[in-house]
Amino acid sequence: MLSDVSSPWDAPAPEKVGRPSAFGLLPGELKARGCPNDANHLFSLLQRPWNWADGTPKLGKDNRTFLESFADLSLPKMDESIESSDGTQKLALRLTDGRRIETVHMPRVVKNARVTMCISSQVGCAMGCTFCATGAMGILRNLTAGEIVGQILSVMSVLGPGTSSRLTLVFMGMGEPLHNLEHVHRAIQVLTHTSGLNIPARRITVSTSGLVSGIEKLAKLRPRPLLALSLNASTDEARSRTMPVNKVWNLAKLRAALDTWGLRSNEKFTFEYVLLAGENDTDEDADRLVAWLGPLSRGHNLNLIPMNEHAASDFHEPSEARIQAFSDRLKGHGCFVTVRRSRGRDVNAACGQLAK
Ligand code: SF4
């Protein structure tokens, strides 16, 4: 049963106008447009940055002329970069209309040099979470599918990885991806295509603040990415204080939406819980969280993220002792808990700050 609740987020975010990006087109669409050569091959040329030269696909004259007749071949450009001591790079990318978005490149210092890329889905965000710098910006517009894919290709062409088999994607940058579901899902279709990056959908995670109507729609789409939920409170009163989405879809409605997701075998949810000192970090909060999760409290991922303090929010990080006690309380209930320090904390750029 799809949610029939009306919300401020039913109104679509503003869209970019102009020609479609060549990087958001699937092979069938290239063919339908009259591609002069094999459309799958042209798609591969566009989507595999390890074969590019100087940050640009090597297309050949007739392919380039064909694409330029109807599409935009420009890519988001790296405008600013801050590198952390842990190897994380926070990047501001400039779009063709001058707007900036933020992408985070996080290499893991292990063999095979795997990279997780945290990507944006919108310029700004309409959800208004009070602990978030992006939320303080408001919504400027949706990214197109071509811009979402383009930010990944653009960063890969400069920073790697040199093959998509070592890349994991998380939609946890600027924006609420389910508020831009059409472009986000088209981007996922492009990213998972076997003639392109060919990233398995199980290596793509979409993180939502709890837009239940979007969760219900995404549940039915294929390819379907993994779902992460930004929870951040254990009572409706507290959650509504920090996350306005909870005033429309409260914790009970959100929990019911997870039951209709239709988990596959071995598929796990990720629950993110930003720990805010004095707001959501008591033992009682931990107990209520477990009660809310019910059967999902075991076998799924629960990430505790101590607040990354920044000027746009008055919240603070709890003490080490409180973080540990909260984590231990959850573990005592059998939860699989990881305390995640935001990568790149020392560069002092919370999500969204760099792109401003
Ligand atoms: S936390 Fe996510 S959903 Fe909330 S305002 Fe920030 S970007 Fe938007």
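Residues numbered from 1 in each chain as written. Predicted model: local features only at pLDDT ≥ 70, side-chain atom pairs only at ≥ 80, totals over all residues.

### Structural notes on the domain arrangement of the chain
Interface size is commonly expressed as the accessible area that is lost once the parts come together. Heads up, the condition is: How far each domain reaches was decided by an automatic or database domain assignment. To qualify as a helix, a DSSP run of H or I must reach at least 4 residues; to qualify as a strand, a run of E must reach at least 2; elements of each kind are numbered from the N terminus. Nonpolar residues are Ala, Val, Leu, Ile, Met, Phe, Trp, Tyr, Cys and Pro. Charged residues are Asp, Glu, Lys and Arg, and all others, Gly as well, are polar.
Domains assigned within the chain are domain 1 (20-73) and domain 2 (74-347). A separation of 30 Å is found between the C-alpha centroids of domain 1 and domain 2. The greatest single-element share of the side of domain 1 that touches domain 2, amounting to four residues, is contributed by helix α2 (residues 39-47). Looking at the side of domain 1 that touches domain 2 residue by residue, the classes come out as ten nonpolar, six polar and two charged.

### Digging into the sheet that holds strand β3 (residues 100-107)
Quick note on the threshold: Only strands that DSSP links by at least two bridges are regarded as paired with each other. Lines are fitted to the C-alpha atoms to define the axes, a helix being fitted only along its stretch in contact, and any angle between axes, read from their N-to-C directions, falls within 0 to 180 degrees.
Ordered by their spatial adjacency, ten strands build an open sheet running β1-β2-β3-β4-β7-β8-β9-β10-β11-β12, and the pairing between neighbours is mixed. Unpaired on one side and paired on the other, β1 (77-83) and β12 (336-339) mark the two borders of the sheet. Taken pair by pair, the neighbouring strands of this sheet meet at an average axis angle of 25°, ignoring direction. In terms of strand pairing, β1 meets strand β2 (residues 89-94) through six bridges, oriented antiparallel. In the strand pairing of β2, Met78 is matched with Leu93.

### Looking at the site of the ligand
Inclusion rule: Contact assignment follows one rule, namely that a residue is near a molecule or strand if its backbone-placed C-beta atom lies within 6 Å of it.
In the region of the ligand, the neighbouring residues are Cys125, Met127, Gly128, Cys129, Cys132, Thr134, Gly135, Met174, Gly175, Glu176, Ser209 and Ser230. Taken together, the residues that form the shell around the ligand break down as five nonpolar, six polar and one charged.

### Quick word on unusual backbone geometry
Omega for the bond connecting Gly160 with Pro161 falls within 30 degrees of zero, at 10°, which places this linkage in the cis form. Following Arg222, the chain continues into Pro223 via a peptide bond in cis, with omega recorded as 0°. Within the fold, Pro223 resides in the loop between α7 (212-220) and β9 (226-230). Even without glycine at this site, Asp54 takes up a positive phi of about 55°. Take Asp54: it is sitting in the loop between α2 and α3 (61-68).

### With respect to the pairing of β12
Selection rule: Crossover handedness is defined by viewing with both strands directed away from the observer: a clockwise path from the first strand over the helix to the second marks the crossover as right-handed.
Looking at chain direction, strand β11 (residues 301-306) and β12 are connected through four bridges and run parallel. The residue bridging Asn303 from the neighbouring strand is Thr338, located in β12. Between the parallel pair β11 and β12, the chain is carried across by helix α11 (residues 320-332), and the sense of this crossover is right-handed.

### Regarding α11
The test is simple: Helix span, as expected, comes to 1.5 Å for every residue beyond the first.
Taking 1.5 Å of rise per residue, 13 residues should cover 18 Å, and α11 covers 18 Å from first to last C-alpha, within 8% of that figure. Looking at the residues trailing α11, positive phi occurs at Gly334, about 90°.

### Comments concerning the packing of helix α5 (residues 145-159) against helix α6 (residues 181-192)
Here is the rule: Roughly parallel here means an angle under 35 degrees, roughly antiparallel means over 145, roughly perpendicular means 65 to 115, and every remaining angle is called oblique. The sense of a crossing depends on the near helix, which, turned anticlockwise from the far helix by less than a right angle, makes the crossing left-handed and, turned clockwise, makes it right-handed. Contact between two residues is assigned whenever their backbone-derived C-beta positions fall within 7 Å.
Packing of α5 against α6 leaves a shortest axis separation of 8 Å and a crossing angle of 50°. In terms of axis orientation, α5 runs oblique to α6. Crossing handedness for the pair α5 and α6: right-handed. Side by side, α5 and α6 meet where Ala145, Ile148 and Val149 of the first sit next to His183, Val184, Arg186, Ala187, Val190 and Leu191 of the second. Here the residues of the contact of α5 with α6 are counted per class, giving seven nonpolar, one polar and one charged.

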